[in-house]
Amino acid sequence: MKLSEILKGIDVKSAYSDVDVLDVTQDSRLVKEGSLFVCIKGAVFDGHNVAAEMLEKGAAAIVVERDLGLDKQIIVDNSRTVYSPICSNFFNNPADKLKLIGLTGTNGKTTTTFLIKQILENVGKKVGLIGTVQNMIGDKIYPAKFTTPDPYELQKLFAMMVDAGCEYCVMEVSSQALAQGRVNGLRFALAAFTNLTQDHLDYHKTWENYFNSKRILFENADIAVTNADDEHGMKIIEDLDFDKIVTYAVNTNDASYVAKNVSFKPSGVEYELVGDSIGRCNCPIPGRFSVYNSLCAASCALSLGIDFSDVLDAISKSNGVKGRIEVVPNGGRDFTIIIDYAHSPDGLENIITSLQEIAKGRVVTLFGCGGDRDKTKRPKMGKIVAELSDYCIVTSDNPRSENPAEIIKDILVGMEGINTPYTVIENRKEAISYAIKNAQKDDIILLAGKGHETYQILPTGTIHFDEREVVAEILSELD
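Thresholds, definitions, all that
Residues numbered from 1 in each chain as written. Predicted model: local features only at pLDDT ≥ 70, side-chain atom pairs only at ≥ 80, totals over all residues. Heavy atoms only, no water. Pairing = 2+ DSSP bridges. Helix = DSSP H or I, 4+ residues; strand = E, 2+ residues; numbered from the N terminus. Axes fitted to C-alpha atoms, helices over the stretch in contact; angles between N-to-C directions. Contact = heavy atoms within 4.5 Å. Buried < 20%, exposed > 50% of the residue type's maximum accessible area, 1.4 Å probe, protein only. Left-handed = near helix turned anticlockwise from the far one by under 90°. Nonpolar A, V, L, I, M, F, W, Y, C, P; charged D, E, K, R; others polar.

Visitor: What should I look at first to understand the sheet that holds strand S2 (residues 35-38) in this one?
Guide: One open sheet accounts for 4 strands, arranged S1-S2-S3-S4; its pairing is parallel. Each of the sheet's edge strands pairs with one partner strand only, and the pair in question is strand S1 (23-25) and strand S4 (73-75). Strand-to-strand twist in this sheet, taken as the mean axis angle between neighbours without regard to direction, amounts to 20°. Note: S2 against strand S3 (residues 61-64), 3 bridges, orientation parallel. Bridged to Phe 37 within S3 is Ile 62. Across the face of the sheet, helix H3 (residues 79-90) comes into contact with S1, S2 and S3 while running at roughly 155° to S1.

Visitor: Help me out: how do you make sense of the environment of Asp 163 in this one?
Guide: Locating Asp 163 in the fold gives a position in helix H5 (residues 151-163). Given a relative accessible area of 70%, Asp 163 falls into the exposed group. Distance in space between the C-alpha atoms of Asp 163 and Leu 100 is 16 Å, their sequence separation being 63 residues.

Visitor: What's the story with the sheet that holds strand S16 (residues 326-328) in this structure? I'm lost.
Guide: Two pairing modes exist for strands in a sheet, parallel and antiparallel, and in both the strands are linked by backbone hydrogen bonds. Strand order in the open sheet formed by 6 strands is S16-S17-S21-S18-S19-S20, and the pairing between neighbours is mixed. A single partner strand is all that each edge strand has here, and the edge strands are S16 and strand S20 (422-424). Mean inter-strand twist for the sheet, computed between neighbouring axes without regard to direction, equals 20°. On top of the sheet, helix H12 (residues 377-388) reaches strand S18 (363-367) and strand S19 (391-394); it is set at about 165° to S18, its chief contact.

Visitor: What is the right way to look at the packing of H3 against H5 in this model?
Guide: The relative placement of two packed helices is expressed as an angle between their axes plus a distance between the axes. The geometry of H3 relative to H5 is characterised by a closest axis approach of 9 Å and an angle of 35° between their N-to-C directions. In this structure, the crossing between H3 and H5 has a hand that is right-handed. Contacts between H3 and H5 involve Tyr 83, Ser 84, Cys 87, Ser 88 and Phe 90 from the first element and Pro 151, Tyr 152 and Gln 155 from the second. Residue composition of the contact of H3 with H5, grouped by class: 5 nonpolar, 3 polar and no charged.

This is how it looks when you write it as structure tokens:
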């Protein structure tokens, strides 16, 4: 592709030769003969520092945001900002041929995107999905490294979806992706907001930065769907123009779609979905948050013109999502083991509260906190788990470069003065074994924090760690 085609719509501040470009990247490790290298300054690494080296490796040109005095340099105001549209141009702007549905918020994005995908597919639409657990094109699954991929991978996925005949792409849009401009230049047919609680402050530093990054999604959307029960739900769309604003709620009648007469069961949740029509919504995913997730998904689908009865029918057929309130086979034993990705204070509060609503026995929560992340969450998570659970097992999550014992100390600060009994077992596999071997009749054992992940990041490196396999191994030893 010609360089001029790749730079179409980009405000370039310097002259350049219209050479052929074979690939585009911001990763210096991936530069090869004919690549266009975009120099981006990150928190740790600045691509400008290796620009000359990239030209020596054969780069066709380099995009920079300051004059480096090099041949083949293309100067722009902000190289991070233009990287997304550059990648879009390179793949022939595939997102223009898709109806993009973007979800942002702290909790609920993954399950809600899966539900929306299932609703659309239920009426014969071909749908792509991008998110935390996996990426999908129709029923084909592709691994996901990040919740929202970097612009090159994102545009590549869009192109694959277009080639496969997809009409829609439903995607989780993380606060980091929005702040880093990974979705710059994209126009969303619909943007939806789930909720906002403390998370990722290690990256955003302030609550205001976190909120404002989420708001970026709504600045580039035609339809806004938002949670009227969340204090940030209306603020996030304040002073923005939309073709349509749709709200959903459980606790107020002042919304476009309201869940009434909610019933919680071990098999799922049921409620009356009240809007332009009224119907009984049966979502086979247990937990209070399933009301909000299914209500948000229904509101999005209805906003896109999907028939009311088709929406209710699709939700009733949902299979749930791996690592989200996932019931693990236990060989018919008289206790239940559940895996959930909850790894924030609000996420833990939601899942434990939901389990208490259906528990016949104890709720035993096994959890830890991630290393190299927001340390202020640790005592808060400890306090919430101790206050809401009947028994706690404090263990390791993904300690990364930190000492797991020090992370656990931070957690225990929040548990001081609370009478709930607990045990500390640093090794996560040993902790799971302890939970299972000491289970009582009708216990619900919640393995929180890892969810869909099949690895554990330790100070010594990353190891394979799938809690489903760990549970199966422990149970087999008991047989």
